[in-house]
Amino acid sequence: RRRGVRELSELWRAFCAHGEAVTGEVEAAVLAEMMASLDMRLTAEQAHTLRAQLDTGGTGRIEFAALVEWYTARMQAFAESEEARRQHVLKLSRTSKVALAWLASWALLGVCAYLSVVYGVVFGEARFTALVQSWGIALAQTFAVEEPAIIWLYLAMPLVLERITDTAA
């Protein structure tokens, strides 16, 4: 919403710079130039179509109200198309997301296995064995120390928060 207000104020500044703020009108001929100052490049055909659409009275002048109406409709259409695009991109079922996660995990495992073999070939069997042993130690530490500690923290947190809120009340 804040972005729309900012864009409308920029539209008003461009309108005032190219038109008459007192009458609330701008010459249809300078419409393309005004849109270019807002970083909206129009082809000659687009400018002609827009002038015809906004100059309903055929006076060669465009009222600010008509311009705002067109501009807000354009912003709304853009927002709706972006929302539809976002929804279309994220429309994966839970099963598909899980399958993609598993596929990515297996791909990562394959890359790590390949790099391990390359490491073994380049640096020799002794260094490869040391590498695999260090991984084993790291995994053992993770599953024997870190994971249980995190599980106990997650289990204890509601109890701790309950005690804190009971004493505060």
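Just so we're clear, the structure is a prediction, and the values are computed from it rather than from any experiment.

Procedures and definitions
Residues numbered from 1 in each chain as written. Predicted model: local features only at pLDDT ≥ 70, side-chain atom pairs only at ≥ 80, totals over all residues. Heavy atoms only, no water. Helix = DSSP H or I, 4+ residues; strand = E, 2+ residues; numbered from the N terminus. Rg over C-alpha atoms; globule rule 2.2 N^0.38 Å. Buried < 20%, exposed > 50% of the residue type's maximum accessible area, 1.4 Å probe, protein only. Contact = heavy atoms within 4.5 Å. Areas by Shrake-Rupley, 256 points an atom, 1.4 Å probe, with all protein chains shown as cover. Lys, Arg positive; Asp, Glu negative; His and termini not counted. Charge placed at Lys NZ, Arg CZ, Asp CG, Glu CD. Expected span 1.5 Å × (residues − 1). Patch = residues over 30% accessible without salt bridge, like charges linked within 9 Å, V, L, I, M, F, W, Y side chains within 5 Å. Salt bridge = Lys/Arg side-chain N within 4 Å of Asp/Glu carboxyl O. Phe/Tyr/Trp six-rings, centres within 6.5 Å; stacked < 30°, edge-to-face > 60°.

(A) Summary view of the overall build of the protein. A tally of regular secondary structure across the protein gives 6 helices and 2 strands. Listing the helices and strands of the protein from first to last along the sequence gives α-β-α-α-β-α-α-α. For 169 residues, the compact-globule estimate of 2.2 N^0.38 gives 15 Å, and the C-alpha radius of gyration of the protein, at 32 Å, exceeds that figure by more than 25%. Within the protein, the fraction of its 169 residues that count as buried is 16%. Across the protein, the fraction of contacts at a sequence separation of at least 24, relative to all contacts at a separation of at least 6, is 51%. Within the structure as shown, the protein displays about 13200 Å² of accessible surface, and the carbon and sulfur contribution to it stands at 64%. Here the protein contributes 16 positively and 19 negatively charged side chains, and the mean placements of these two sets differ by 5 Å.

(B) Seen up close, helix α5 (residues 94-123). Look at α5: 43 Å from first C-alpha to last across 30 residues, which is about the 44 Å you get at 1.5 Å a residue. At the C-terminal side of α5, glycine 124 shows a positive phi close to 100°.

(C) A look at a nonpolar patch on the surface. Together, Val111, Tyr114, Leu115, Val117, Val118, Val121, Val122 and Phe123 make up a nonpolar patch on the protein surface, roughly 800 Å² of accessible area in all. By the element assignment, valine 117 lies in helix α5.

(D) Summary view of the packing of aromatic side chains. As enumerated under the stated definition, the model contains 2 aromatic pairs in all. Taken together, a centroid distance of 6.2 Å and an interplanar angle of 50° make the contact between tryptophan 70 and tyrosine 71 tilted. One exposure class covers both tryptophan 70 and tyrosine 71, and it is buried. Between tyrosine 119 and phenylalanine 123, the ring centres sit 4.7 Å apart and the planes meet at 45°, which makes this aromatic pair tilted. Here phenylalanine 123 and tyrosine 119 lie together in helix α5, a separation of 4 residues that amounts to about one turn. Residue class for tyrosine 119 comes out partly exposed when judged on its relative accessible area of 24%. According to the relative accessible area criterion, phenylalanine 123 is partly exposed, its value standing at 43%.

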